[in-house]
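Now for the letters of each chain:
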Amino acid sequence: MAPLCSLLFNTAVIYLCLILKGVICKDTSAINKQIEQVYEYQDIANKIINFTTIGKGKGQVYTRLADFVDTFGSRIAGSKNLENAIDYMLNTMKKAGLENVHGENVTVPHWVRGNESATMLEPRHYKIAMMGLGSSIGTPEQGLTAEVLVVHSFDELTKKADQAKGKIVVFNQGYEGYPTSVAYRDYSAKETAKVGGVASLIRSVASFSIHSPHTGWQDYDDNIKKIPTACITVEDAEMLDRMANRGTKIVIRLKMDAKNLPPVTSRNTVAEIRGSKYPDEVVLISGHLDSWDVGQGAMDDGGGAFISWQVMIFQNSYFHFYFFFRKSFFFLWLALPLLLLFKVTIQTCYFSI
């Protein structure tokens, strides 16, 4: 496995070098020539790999990331923690000698989770592990108590529409890969409201669980009544499913203080290295600096963001004397994940360098 990983990493580094040098193109007639040119960059690729794995760069990404998440913790959009983290990164990137370091204002949603709980009242008293989904509305102050309908898909919900009115709908959808299964997180509230349900609880979108709910963003339809929505653990979704299959009556009380406050202004974090020959042709390296409020965001997306930053650092500080990029190298940390900010990102046009 180790030689294979080394080969893949080696190839990726060489390919990146060629893109930035303006060598790689999509013209299939030039493929053979490109293959020959790949091997010309073997020495540079080896230097980058050695620097990262056994040289001065070993452990740098982890150390910087650990310091960052330990210092700032969770960084949900609209929070002071996120703004403090952005200030820190702007100052740090300037000290590292990157070019055109600045923040660009962007409007972000401001959702606050508040206290939340889900308790099964029948057939027994049981505290369900749950997390509200981003942008969800809250329940009434006294909570929302209703019988449960368990389904496995949107199609099944449609077939059982006459049973859903006034109920909390639990989705125990199987995991079929993130792009497919995440639709239940995105649209369960909307689909449940269509058939008269009062709230939706979805099985966490994950291939594995240790009784841990997974939060994430969800989408309402302005033309459909908004209802509270949350995720529950894989284990609890399976348990409720088993109970329902036995014909057991299930009653849950859901309490959520979630609020959608007015949007606020945050910043995307920008830096660059100007290309030597084609400065208006841009290679974009990106990630997002925010995180959910229930963790430090070390992997989503701290790891990705700091790996991106390391690319800029080792090029600007350590490897600039080996090769000069023909194209511009543009670094962008979004204040929110790209999918959520897609329309805003396009409108603000990040290629005005």
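In what follows, the structure referred to is the one given above.
Draft legend 1. Inspection of the pairing of strand 5 (residues 144-151) at higher detail. Within strand 5, six of the eight residues are buried, which leaves the element mostly enclosed by the surrounding structure. Two strands pair when backbone bridges link them, and strand 5 and strand 9 (residues 251-256) are joined in this way by four bridges, in the antiparallel orientation. For E147, the partnering residue across the bridge sits in strand 9 and is V251. As paired strands, strand 5 and strand 6 (residues 168-171) are joined by four bridges and run parallel to one another. Along strand 6, the bridge assignment pairs L149 with V169.

Draft legend 2. Examining helix 5 (residues 80-95) more closely. Look at helix 5: 23 Å from first C-alpha to last across 16 residues, which is about the 22 Å you get at 1.5 Å a residue. Those residues of helix 5 lying buried are L82, E83, A85, I86, M89, L90, T92 and M93. Directly after helix 5, the chain includes G97, whose backbone phi takes a positive value near 85°.

Draft legend 3. Focus on the sheet that holds strand 3 (residues 126-128). With mixed pairing, the eight strands of this open sheet are ordered in space as 3-2-9-5-6-7-8-4. What marks the edges here is a single partner per strand, and that holds for strand 3 and strand 4 (130-132). Looking at each pair of strands side by side, their axes are set apart by 30° on average, direction ignored. Here strand 2 (residues 116-122) runs beside strand 3; their pairing, made up of three bridges, is antiparallel. Within strand 3, the position partnered with A118 by the bridge is I128. With respect to the sheet, helix 8 (residues 178-194) is in contact with strand 6, strand 7 (199-203) and strand 8 (229-232), its orientation differing from that of strand 7 by roughly 155°. Sheet strands touched by helix 9 (residues 234-245): strand 2, strand 3, strand 5, strand 6, strand 7, strand 8 and strand 9. Its angle to strand 8, the strand with the most contacts, is close to 95°.

Basis of the calculations
Residues numbered from 1 in each chain as written. Predicted model: local features only at pLDDT ≥ 70, side-chain atom pairs only at ≥ 80, totals over all residues. Heavy atoms only, no water. Buried < 20%, exposed > 50% of the residue type's maximum accessible area, 1.4 Å probe, protein only. Helix = DSSP H or I, 4+ residues; strand = E, 2+ residues; numbered from the N terminus. Pairing = 2+ DSSP bridges. Expected span 1.5 Å × (residues − 1). Axes fitted to C-alpha atoms, helices over the stretch in contact; angles between N-to-C directions. Contact = heavy atoms within 4.5 Å.

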